[in-house]
Amino acid sequence: MQELRIIGVPSDLGQRRRGVDMGPSAIRYAGLSMKLETLGYTVKDLGNINVPTPEMQDDGADNRLRFLREVTEVSKELCSIVSRVVDEGYIPIILGGDHSIAIGSVAGMAQKSKNYGVIWFDAHGDMNTPETTPSGNIHGMPLAISLGYGHDDLVGIGGVKGKLKPENVVLVGIRSIDRDEATLIKEAGVHCYTMAEVDRLGMAQVMKEAIEIAGNGTDGIHLSLDLDALDPMFAPGVGTPVNGGVTYREGHLAMEMLADSDKVVSVDVVEVNPILDTHNQTAVMAVELVESLFGKTTL
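Quick notes on the rules
Residues numbered from 1 in each chain as written. Predicted model: local features only at pLDDT ≥ 70, side-chain atom pairs only at ≥ 80, totals over all residues. Heavy atoms only, no water. Axes fitted to C-alpha atoms, helices over the stretch in contact; angles between N-to-C directions. Helix = DSSP H or I, 4+ residues; strand = E, 2+ residues; numbered from the N terminus. Parallel < 35°, antiparallel > 145°, perpendicular 65-115°, else oblique. Left-handed = near helix turned anticlockwise from the far one by under 90°. Contact = heavy atoms within 4.5 Å. Nonpolar A, V, L, I, M, F, W, Y, C, P; charged D, E, K, R; others polar. Phe/Tyr/Trp six-rings, centres within 6.5 Å; stacked < 30°, edge-to-face > 60°. Buried < 20%, exposed > 50% of the residue type's maximum accessible area, 1.4 Å probe, protein only.

Q: Can you walk me through the packing of helix α3 (residues 68-87) against helix α4 (residues 102-112) in this structure?
A: Between two packed helices, the angle of one axis relative to the other and the distance separating the axes together describe the packing. At a minimum axis distance of 7 Å, the contact between α3 and α4 shows a crossing angle of 40°. It follows from the interaxial angle that α3 and α4 lie oblique. In this structure, α3 crosses over α4, and the sense of that crossing is right-handed. Touching Val71, Ser75, Leu78, Cys79, Val82, Ser83, Val86 and Asp87 of α3 are Ile103, Gly104, Ser105, Ala107, Gly108, Met109, Gln111 and Lys112, all from α4. For the contact of α3 with α4, the class distribution of residues is 8 nonpolar, 6 polar and 2 charged.

Q: Honestly, the packing of aromatic side chains in this entry has me stumped. Any pointers?
A: The relation between two aromatic rings is expressed through the spacing of the ring centres and the mutual angle of the planes. Tallied over the entire structure, the rule returns 2 aromatic pairs. Seen in terms of ring centroids, Tyr41 and Phe294 are 5.5 Å apart; in terms of plane orientation they differ by 85°. Their pairing is edge-to-face. Here the residue Tyr41 occupies a position in the loop between α2 (32-38) and β2 (43-48), and Phe294 occupies one in the segment after α11 (281-293), the gap between them amounting to 253 residues. A single burial state applies to Tyr41 and to Phe294, both of which are buried. Here the aromatic rings of Phe234 and Tyr248 are separated by 6.4 Å at their centres, their planes lie at 50°, and the arrangement is tilted.

Put into C-alpha cells, the structure is as follows:
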C-alpha cells in the first residue's frame, strides 16, 4: 500500500468565524492516523504549518481580499510541502483549516503535473473573485484561483498559473452560490452537480460521472472535501452550514466509489470547526469519510 503523509494547516485567515484553526487537532483527536494504519497504510504526520493568528495581523487595505499577505505566505509553504511529499511518492492528506488552504494544496500538486482532475465536494462553489466576492473572505475563492481567476499573488503561487483544466473539474453537492459566482462557473466550463442533481440522479450516478470527468486522461484526482457539503444534521461543526446537504450514506458512497476508482492522489479535508460542533461529531464524520476514501468496507 502507498504511504500517506498528513499535513495540518490550522488556518482561519480565509473566513471570519474563529475556531476552524482547531480543525486539524479535532480530526487527529478523532483517530485519523490510527484508523488509516488499521487499514494497512503506513502513515506519518508531518505536523502543522505555522499560521499567523488573525488578531495579531492587519487584515489588509483591500476588504475584498482579507489577509491576502498571510494567506499567500501560508499557501506558498503548503505548496512546497505538498510538492515535496508527492515527489517522494506519498499521498498527501491536508487537514484544514478553512478552504483557502486548497490554494496551496492544488498549487503543490500542479508543480508535479497540470493534468490532475479535481472533485470539489462542497455546499459552495468557491468560485468568487475579488470583483464578485460579497465578503472579502478568501475561502470563497480557492477554486477560482486554482483555475487562474483572481489576484496575481494567489494565482501565481508555485510559479504555475491556470493549475487546473476546467473540463476536468467537478463540483458536487452545491446548494449555495452567489449570482456572479454562478456566471463564472458556467463561463469557465466547470462541471457542477447541485443537490438538485444529486436528488434527481442519485449519488451513485453523480459520482460515476464525476469520476469519469475528473479522471478522463488525467494523472489522478485531487479531492477537496469540505465538510459543509454534508447536511448539518451530520456535520454541524462548520462555519457556513447550509441545509439540504449530502446525507451520511451518500457521503460514504461517494468516498467508496472514489476508493474503487483507484484514482485519488491527494485530498484536502477542510472547514471542521470544533467550537461550533457537538461532541466532535464533525471531525469524527471527517475521519469516517477518509476511511471510506482509503478503502474501508463492511466486508
